[in-house]
Amino acid sequence: MTAVFSHGRLRLYLLKLLDEGPKHGYELIRLLENRFLGLYAPSAGTIYPRLQRMETEGLVSHTAAGGRKVYEITDAGRAELRQRAGELDVLESDIRASVEDLASLANEIQDEVRGSVRDLKRELNQATRETRRGGRDFQWEFQWGGPGSSTRGEPASGTALDELEKRIDAFAAEVRQLVRGARLTEGQARTATRVLDASLATLRRLFRS
């Protein structure tokens, strides 16, 4: 869970969302994800237990509709919302700041990825030029592309490809180490996943060009 929702503040925000109208759990998850520009979304394991506790405390109730539980706020829930109105204002301000921070972090990571890809492309182009100057004729098949796969243009040198393989292994190892050594929030994990997906998509475009 993102730190902005610590100390019972997620419960407060759920009451705020339900005060806008009845919703089922999936709708609440999507609304929170949209509020954080897709950079954070609580899991079902985070939302549903809280809704159950809130129902036990009489703050919300539910009805069954289409095989789903639709939750709505009770009078007791509205009373708590009124009592915590000042806290809700602070929470909204903190959410705005958190969204700005997450968006800035995502942009920084994407810039770093684009820079790394540019460096990789420059090195591959340099290796190609060296191969042409040396008159070497290396043929190389992408091992993970399967039999029959090929590269376009002049084949890269064996040295450059060995270096690329090493960089890939080192990159994967460092990412795993960073993930294992960090206490990632759900939002950070989702952002990192999107960055890796974007990097892979960029490499696919590079190797197809």
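For clarity, every value in this text was computed on a predicted model and none was experimentally measured.

Cut-off values and rules
- Residues numbered from 1 in each chain as written.
- Predicted model: local features only at pLDDT ≥ 70, side-chain atom pairs only at ≥ 80, totals over all residues.
- Heavy atoms only, no water.
- Buried < 20%, exposed > 50% of the residue type's maximum accessible area, 1.4 Å probe, protein only.
- Helix = DSSP H or I, 4+ residues; strand = E, 2+ residues; numbered from the N terminus.
- Pairing = 2+ DSSP bridges.
- Core = buried A, V, L, I, M, F, W, Y, C linked by side-chain atoms within 4.5 Å.
- Contact = heavy atoms within 4.5 Å.
- Salt bridge = Lys/Arg side-chain N within 4 Å of Asp/Glu carboxyl O.

Caption draft 1: Quick peek at helix H1 (residues 9-19). Buried residues dominate H1, accounting for 9 of its 11 residues. Here H1 has its buried residues at Arg9, Leu10, Leu12, Tyr13, Leu14, Leu15, Lys16, Leu17 and Leu18. In the stretch just after H1, glycine 21 is the one whose phi turns positive, near 150 degrees.

Caption draft 2: Quick peek at the sheet that holds strand E2 (residues 60-65). Pairing in this open sheet of 3 strands is antiparallel, and the strands run E1-E3-E2 from one edge to the other. Two strands in the sheet have a free side with no partner beyond their single neighbour: strand E1 (23-24) and E2. Of the strand pairs in this sheet, E1 and strand E3 (residues 68-73) are connected by 2 bridges, and their pairing is antiparallel. What sits directly across from histidine 24, in E3, is valine 70.

Caption draft 3: Molecular detail of the nonpolar core. Ranked by internal contacts, the top residues of the largest apolar core, which has 25 residues, are Phe5, Tyr13, Leu14 and Leu32. Among the elements of the structure, H1, helix H2 (25-35), helix H3 (44-56), E3 and helix H5 (85-134) are those that each provide at least two residues to this core. Among the elements that make up this core, the one with the highest residue count is H1 (7 residues). With near-sequence residues (within four places) excluded, leucine 32 lies in contact with Phe5, Leu10, Tyr13, Leu14, Leu17, Tyr40, Pro42 and Ile47.

Caption draft 4: Layout of the side chain of arginine 84. Along the chain, the position of arginine 84 falls in the loop between helix H4 (75-83) and H5. Residue classification places arginine 84 among the buried residues on the basis of a relative accessible area of 17%. Once residues lying within four places of it in the same chain are set aside, the contact partners of arginine 84 are Gly8, Arg11 and Leu12.

Caption draft 5: Representation of the pattern of salt bridges. Overall, the coordinates contain 12 salt bridges when judged by the stated rule. Between arginine 9 and aspartate 94 there is a salt bridge, and its shortest N-O distance comes to 2.7 Å. Placement of arginine 9 in helix H1 and of aspartate 94 in helix H5 is noted, with a sequence separation of 85 residues between them. For glutamate 57, the salt bridge is made with arginine 11, and the minimal N-O distance between the two is 2.4 Å. A residue pair is termed long-range when its members are at least 10 positions apart, and glutamate 57 in the loop between H3 and E2 and arginine 11 in helix H1 qualify at 46 residues. Residue classification places arginine 11 among the partly exposed residues on the basis of a relative accessible area of 24%. When salt bridges that share partners are traced, they join Arg11, Glu57, Glu80, Arg84 and Glu87 into one network.

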